[in-house]
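Residue-level listing of the chains:
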Amino acid sequence: MPAAAPPSERSVVTRIAPSPTGSMHIGTARVALFNWLYAKHFGGTFLLRIEDTDRERSTAGAVQVIFDGLQWLGLQPDAPAVFQYARADRHREVVEAMLRRGAAYRCYMTVEDLAAERERARADGRAIRSPWRDRDPAESENRPFVVRFKGHLEGETVVNDLVKGTVAFRNKELDDLVLIRSDGSPTYNLAVVVDDHDMGITHVIRGDDHLNNTARQTLIYQAMGFALPEFGHLPMIHGEDGAKLSKRHGAQAVSEFSDMGYLPEAMRNYLARLGWGHGDDELFTDAQAIEWFDVRDVVRAPARLDWAKLAHINNHYIRLADVPRLCDLVIDNLRRQDMELPADTKTRLLAAIPLVKDGAKTIVELGELCQFVLKQRPITLDEKCRSLLTEETRNLLTRLMDWLSKQDVWTPTALLESLREFAKAEGVGLGKFGAALRAVLSGGASAPDLASALCALGSDESLARLEDALSQVR
RNA sequence: GGGCCCUUCGUCUAUCGGUUAGGACAUCAGAUUUUCAAUCUGGGAAGAGGGGUUCGACUCCCCUAGGGCCUGCCA
């Protein structure tokens with residue numbers, strides 16, 4: 001058992017406790033981030049506990065999804081994960097102690113009894129109570145039973161929440177919750193309390209869907225004489241229409257955000273800014289977030305996921321990201337789309353990415369912006385491209401080829417200057433041959449400005465593509 | 001039904017009794033222009049409603065409305 005020092009005197013220990021029943025929700029990611037920020041702010045410890053007490057729904061695959069999600073987000077726990085189900089004996093041990101203290105009782109109600117009681121309780125506007133609170137277990141005829149917490153009929157339980165403030169519950173509103181199921185397995189409300197206590201958690205930062213549970217859990221802490229941690233309940237994330245985030249709103253799993261080409265540092269920045277702020281600061285580093293963060297400053301109202309703002313922040317981090325990393329991400333992404341890639345893809349992308357990344361909101365978009373450089377010669381021109389190659393433009397492009405072949409500095413600025421000079425020498429505007437040149441260079445794919453496109457392609461490839469096109473349309 | 005939480009521009013937020021209610025994203029207009037984007041300049045845009053308290057309320061209190069959560073042998 002850990003030292004009994006009150007949480008306020010120990011160094012900060014936070015945790016996230018997801019249940020492994022599917023994908024990792026973006027809301028879980030934000031809760032993880034806030035716990036991580038809070039722990040790091042105080043030089044404390046951030047832990048992970050897998051809440052797998054629901055044996056029906058928990059899967060090993062979902063556990064892996066959580067590990068992967070946290071790793072991708074860069075929110076590594078400071079210790080190996082604790083698996084809740086593995087601690088079932090300890091949970092039962094605590095319940096035995098509660099039984100001895102008279103803080104819990106065996107309840108032999110049948111499913112039918114329970115349903116009837118639930119109905120009565122509802123009609124009376126009170127919480128569920130079992131007649132077995134006061135009955136002698138000997139009358140049970142050895143029927144199966146659950147262990148229930150023996151709630152208080154009077155008084156109130158106060159939760160001092162770091163974000164919601166003081167919240168009071170009348171004890172009569174708090175039901176006699178099940179601690180141990182009839183199959184002997186511990187339930188969530190019991191397990192969280194025991195595990196948070198045993199793991200030395202000082203700050204329980206979680207979604208505000210647990211605010212009501214906190215009162216019930218507080219009763220268990222008190223019954224066991226466990227020191228109460230601090231609580232901080234974060235509002236949930238909603239979709240753009242203000243309703244609870246669901247499939248209808250698009251992505252909700254962390255993995256989907258990664259697939260769509262969002263950068264983890266962008267996610268951290270965006271998620272931190274969602275429901276928390278530090279003055280007018282919008283774009284900040286992890287170090288700044290850690291320095292500034294405090295759960296007490298978390299906004300009390302639910303926040304909506306704003307894709308446009310996420311995209312804007314992601315663009316900011318794509319600009320900041322170094323090219324080789326972006327290159328690897330783009331290649332991964334294109335492979336996932338089953339795109340056929342030339343052998344020298346990496347070289348081509350390395351040349352193109354610096355010239356186009358400022359305009360990319362996601363890695364997927366960045367991949368699209370690089371399409372022109374990935375085309376392999378000879379590029380077949382579609383109808384639209386061909387129609388741009390009138391006799392006049394073909395003549396212009398032929399002379400431009402000659403002009404460019406004498407160009408020795410292949411930088412966007414030098415090339416832009418050169419194109420302008422060429423146009424001037426020809427006595428035409430850039431518009432006269434710009435569209436045609438673009439078509440020839442890109443083969444119809446999206447491409448950056450002409451100078452950048454030429455630069456990304458390099459002189460050999462650029463001239464060859466011109467040559468191909470001119471001979472093709474002769 | 002009962003309990004609890006929440007409510008500032010379209011969205012995320014600042015404000016912690018005295019501000020022309022600020023910023024960001026989005027949007028609109030203009031500039032730039034070889035496509036798209038980016039970039040630059042400028043504009044519009046908010047305290048849910050009603051009562052109090054106070055010299056003074058977005059800020060404190062109450063009511064109403066709307067949204068959310070819990071009310072499981074799910075977590």
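Residues numbered from 1 in each chain as written. Chains lettered and ligands numbered in written order. Predicted model: local features only at pLDDT ≥ 70, side-chain atom pairs only at ≥ 80, totals over all residues. Heavy atoms only, no water.

(A) Looking closely at the protein's contact with RNA strand B. Every one of the 54 residues lining RNA strand B counts as a neighbour, but R118, K164, R181, G275 and R438 are closest to it. Measuring from a sugar or linking oxygen of RNA strand B, one finds a side-chain N or O atom of S19 at 3.2 Å. Here a sugar or linking oxygen of RNA strand B sits 3.2 Å away from a polar atom, N or O, in the main chain of D209. Elements supplying a minimum of two residues to the surface near RNA strand B: helix 4 (111–124), strand 5 (146–149), strand 7 (165–170), helix 6 (211–224), strand 12 (303–304) and helix 10 (307–320). For the surface near RNA strand B, the class distribution of residues is 19 nonpolar, 10 polar and 25 charged. (Near = heavy atom within 4 Å. Polar contact = N/O pair within 3.5 Å; in protein donor to acceptor, adjacent residues only side chain to side chain. Helix = DSSP H or I, 4+ residues; strand = E, 2+ residues; numbered from the N terminus. Nonpolar A, V, L, I, M, F, W, Y, C, P; charged D, E, K, R; others polar.)

(B) Broad picture of the side chain of T393. Relative to the helices and strands, T393 resides in helix 16 (residues 391–405). Those residues in contact with T393, other than ones at most four positions away along the chain, are L388, K432 and A436. (Contact = heavy atoms within 4.5 Å.)

(C) Local environment of the pattern of salt bridges. A full pass over the atoms with the stated rule returns 35 salt bridges. R49 is the salt-bridge partner of E51, the closest N and O atoms lying 2.8 Å from each other. When the shortest N-O distance is used, the salt bridge between D196 and R49 registers 2.8 Å. With a gap of 147 residues between them, D196 in helix 5 (residues 188–198) and R49 in strand 2 (residues 45–50) connect regions that are remote in the sequence. One continuous salt-bridge network, built from bridges that share partners, spans R15, R49, E51, R87, R90, E93, D195, D196 and D198. (Salt bridge = Lys/Arg side-chain N within 4 Å of Asp/Glu carboxyl O.)

(D) Structural context of the domain arrangement of chain A. Looking at the assigned domains, one finds that chain A contains domain 1 (7–78 + 189–238), domain 2 (88–188), domain 3 (322–374) and domain 4 (383–472). One C-alpha centre belongs to domain 1, the other to domain 2, and the line joining them spans 23 Å. On the side of domain 2, 29 residues touch domain 1, which itself brings 33 residues to the contact. Summed over both sides, the interface of domain 1 with domain 2 buries roughly 2700 Å², with 67% coming from carbon and sulfur. Among the residues domain 1 hides against domain 2, the three largest losses belong to L190, L219 and M224. Together they make up 24% of the total. For the interface between domain 1 and domain 2, the tally reads three salt bridges. The residue D208 makes a salt bridge to K164 at a minimum N-O spacing of 3.0 Å. Scanning the region where domain 1 abuts domain 2 turns up 14 residue pairs in polar contact (both at pLDDT 80 or more). (Domains from an automatic or database assignment. Buried area = accessible area lost by both parts, 1.4 Å probe.)

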